[in-house]
Amino acid sequence: MFDDEISDRIVIRKSSSEELHLDQKRVHIRESKNGLMRLSYVAPVFEAIEVERFFEDLLSCEKLTMDIGDTGEFPVSFRGIVDGKGKNFPKNLDHKIILLQGSISPDSIMDVQLMGFSKFKPNYTVSE
């Protein structure tokens with residue numbers, strides 16, 4: 001079917017060409033309607049430290065690119081990184097949540113498709 005295999009890596013790249021490679025098996029991505037992506041990353045502590053170091057000097061809204069499985073880069077903005085809560089992981093695993101903002105389409109057509117179409121029918125006709 002396809003000549004190329006889909007990679008098992010997610011690559012986040014800074015404008016300085018510095019890259020962060022994440023194993024897809026350890027990442028769970030959720031995206032909301034407003035384009036906010038939450039990358040929930042559970043990994044050994046030493047890998048979680050690398051993730052924190054990659055994002056430590058970034059400002060909120062800084063532009064990055066993201067490539068999921070070598071399917072092509074797309075622009076995102078950094079929103080923050082937080083410690084994950086909830087599940088009890090072994091001491092050698094850490095949980096980080098990376099917040100990224102994808103592009104939002106300002107096209108009003110999208111709003112119409114989400115809301116539905118009006119059933120309003122005028123009672124009159126417009127003459128010239």
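All of these numbers come straight from a predicted model, not from anything done at the bench. (Residues numbered from 1 in each chain as written. Predicted model: local features only at pLDDT ≥ 70, side-chain atom pairs only at ≥ 80, totals over all residues. Heavy atoms only, no water.)

Undergrad: When you look at the pairing of strand β6 (residues 73–83) in this model, what are you seeing that I'm missing?
TA: Two faces make up the sheet, and in a regular strand the side chains alternate between them. Bridge count between strand β5 (residues 63–68) and β6: five bridges; the pairing is antiparallel. Note on β6: the bridge partner recorded for Asp67 is Glu73. (Pairing = 2+ DSSP bridges. Helix = DSSP H or I, 4+ residues; strand = E, 2+ residues; numbered from the N terminus.)

Undergrad: Which parts of the structure should I look at to understand the sheet that holds strand β7 (residues 93–102)?
TA: The pairing of strands in a sheet happens through backbone hydrogen bonds and is either parallel or antiparallel. Strand order in the open sheet made by the seven strands is β2-β1-β5-β6-β7-β4-β3, with antiparallel pairing throughout. Of all strands in the sheet, those with a lone pairing partner are β2 (19–23) and β3 (27–31), marking the two edges. Along the sheet, successive strands turn relative to each other by an average axial angle of 30°, direction set aside. Bridge count between strand β1 (residues 9–13) and β5: four bridges; the pairing is antiparallel. (Axes fitted to C-alpha atoms, helices over the stretch in contact; angles between N-to-C directions.)

Undergrad: Explain helix α1 (residues 45–55) here, please?
TA: One turn of the α-helix equals 3.6 residues, which is why residues spaced by three or four share an orientation. When we look at burial in α1, the residues that qualify are Glu47, Ala48, Val51, Phe54 and Phe55. End-on, the buried residues of α1 take up no more than an arc of 115°, which puts them together on one face. Among the exposed residues of α1, those pointing more than 90 degrees away from its buried face are Phe46 and Arg53. (Buried < 20%, exposed > 50% of the residue type's maximum accessible area, 1.4 Å probe, protein only. Arc of directions from axis to C-beta.)

Undergrad: So what exactly am I meant to see when it comes to the environment of Ser32 here?
TA: Relative to the helices and strands, Ser32 is located in the loop between β3 and β4 (36–44). In terms of polar contacts, Ser32 uses its side chain to reach the side chain of Asn34, at 2.3 Å. (Polar contact = N/O pair within 3.5 Å; in protein donor to acceptor, adjacent residues only side chain to side chain.)

Undergrad: Sorry, what's going on with the side chain of Asp67 here?
TA: Turning to its location among the elements, Asp67 is positioned in strand β5. Lacking a salt bridge, the buried Asp67 has Arg13 as its closest oppositely charged neighbour, with an N-O distance of 5.9 Å. Within the structure, the side chain of Asp67 is placed 3.3 Å from the backbone nitrogen of Asp70, a separation counted as a polar contact. Every residue in contact with Asp67, bar those within four places of it in the chain, is listed here: Arg9, Ile10, Val11, Gly72 and Glu73. (Lys, Arg positive; Asp, Glu negative; His and termini not counted. Salt bridge = Lys/Arg side-chain N within 4 Å of Asp/Glu carboxyl O. Contact = heavy atoms within 4.5 Å.)

Just geometry here; none of it tells us what the structure is for.
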